[in-house]
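Examination of the molecular architecture
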Amino acid sequence: MNRYTLHETFVVHQYETDEWEAEPHNHNYFEIIFIEQGKGYHTINGVRFPYQENNIFLMAPEDTHHFEIEKHSKFTYFKFTELLFSSKVNLPDRKYWLQRIEQLLHHPNIIPGDVISHEEDRTIIWDIHKVVLDEFKNEKVYYQEIISNAISTILSIIMRNISEKYKSNQNEVFVGHSKIDQILSHIRQNVYDNDLTKINFLANKFGMSQSSISTYFKRKTGESIHQYVTKYKMKLVEYRLQHTEFTIAEIAYQMGYTDESHLTKTFKKYYSMSPKQYRKELIVE
């Protein structure tokens, strides 16, 4: 199992420049990007947005981005992996937090751009950002726990803003997001609730018949809705086997399976081994 070490899971990177030299890229970690000063354009997953001082951006591992700088800019990056929130760190509601972080981990930005829509939340995050910088620099007693909880608080506030923005626009066509993107987004956000991913619910929500949404989904993704939901659940199960100490029975319950044996049977179809065997191999590695 992974061992919690802050310097392997969290890094602060600060720099200022007049010209962005890096090519458009993605990475295998999260980034919270704070615009300390400057202005220009930030392109995320092909969608171009203006940026300015005090903006806050969240980049998930699947996101691709680059900056076009118009005015001398200063950036602060918080770079971290999901191991920052490993089971070695106490969080008030771990199950709830896992759902939030998993949405980010396996879901490119729903609405790219500055992630904060409430200015009072922006002020709170910038204040926490100062605390994180101080703790990271000085490494006082308990600084690891303080940073972990500070980042979890920032992400919770960001998720609140993204969720509200998503809900307020869910009946509109998102820039760069087609109907299939909206269906996939809904499934990923509600994968823990079996009723909300059933074909009849999806058909009603997106104004289609059950047969037409099934045909449309298969044509766009190459998989049935049931296959997609199951594969996505298995990805989350794999993630929890790797990064948490939940029992198989607990994971089965969290994923909406009736019992451990049902989860084990499904997991074996995709990984050719049981969840217990998978976890044992991780320990050996």
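Residues numbered from 1 in each chain as written. Predicted model: local features only at pLDDT ≥ 70, side-chain atom pairs only at ≥ 80, totals over all residues. Heavy atoms only, no water.

Bringing the nonpolar core into the picture now. Ile 187, Phe 217, Val 237 and Leu 263 are the most contacted members of the largest nonpolar core, which totals 31 residues. Elements that contribute at least two residues to this core include exactly α5 (179-189), α6 (199-205), α7 (210-221), α8 (225-243), α9 (248-254) and α10 (260-271). Tallying contributions element by element places α8 first for this core, with eight residues. Val 12, Ile 147, Ile 154 and Leu 155 belong to the second-largest nonpolar core, a separate cluster that totals 26 residues. (Core = buried A, V, L, I, M, F, W, Y, C linked by side-chain atoms within 4.5 Å. Buried < 20%, exposed > 50% of the residue type's maximum accessible area, 1.4 Å probe, protein only. Helix = DSSP H or I, 4+ residues; strand = E, 2+ residues; numbered from the N terminus.)

With that settled, consider a negative patch on the surface. Judged by side-chain charge, Glu 16, Asp 18, Glu 19 and Glu 21 come together as a negatively charged surface patch. With respect to the helices and strands, the residue Asp 18 is situated in the loop between β1 (10-17) and β2 (30-44). Owing to a relative accessible area of 54%, Asp 18 belongs among the exposed residues under this scheme. (Patch = residues over 30% accessible without salt bridge, like charges linked within 9 Å, V, L, I, M, F, W, Y side chains within 5 Å. Areas by Shrake-Rupley, 256 points an atom, 1.4 Å probe, with all protein chains shown as cover. Salt bridge = Lys/Arg side-chain N within 4 Å of Asp/Glu carboxyl O. Lys, Arg positive; Asp, Glu negative; His and termini not counted. Charge placed at Lys NZ, Arg CZ, Asp CG, Glu CD.)

The next subject is the packing of α5 against α7. It is the contact of α5 with α7, at a shortest axis distance of 11 Å, that shows an interaxial angle of 100°. Regarding the angle of α5 to α7, the classification is roughly perpendicular. In this structure, α5 uses Lys 179, Ile 180, Ile 183, Leu 184 and Ile 187 to contact α7, whose residues at the interface are Ile 213, Tyr 216, Phe 217, Lys 220 and Thr 221. Of the residues belonging to the contact of α5 with α7, the class tally is seven nonpolar, one polar and two charged. (Axes fitted to C-alpha atoms, helices over the stretch in contact; angles between N-to-C directions. Parallel < 35°, antiparallel > 145°, perpendicular 65-115°, else oblique. Contact = heavy atoms within 4.5 Å. Nonpolar A, V, L, I, M, F, W, Y, C, P; charged D, E, K, R; others polar.)

Read these as geometric descriptors, not functional statements.
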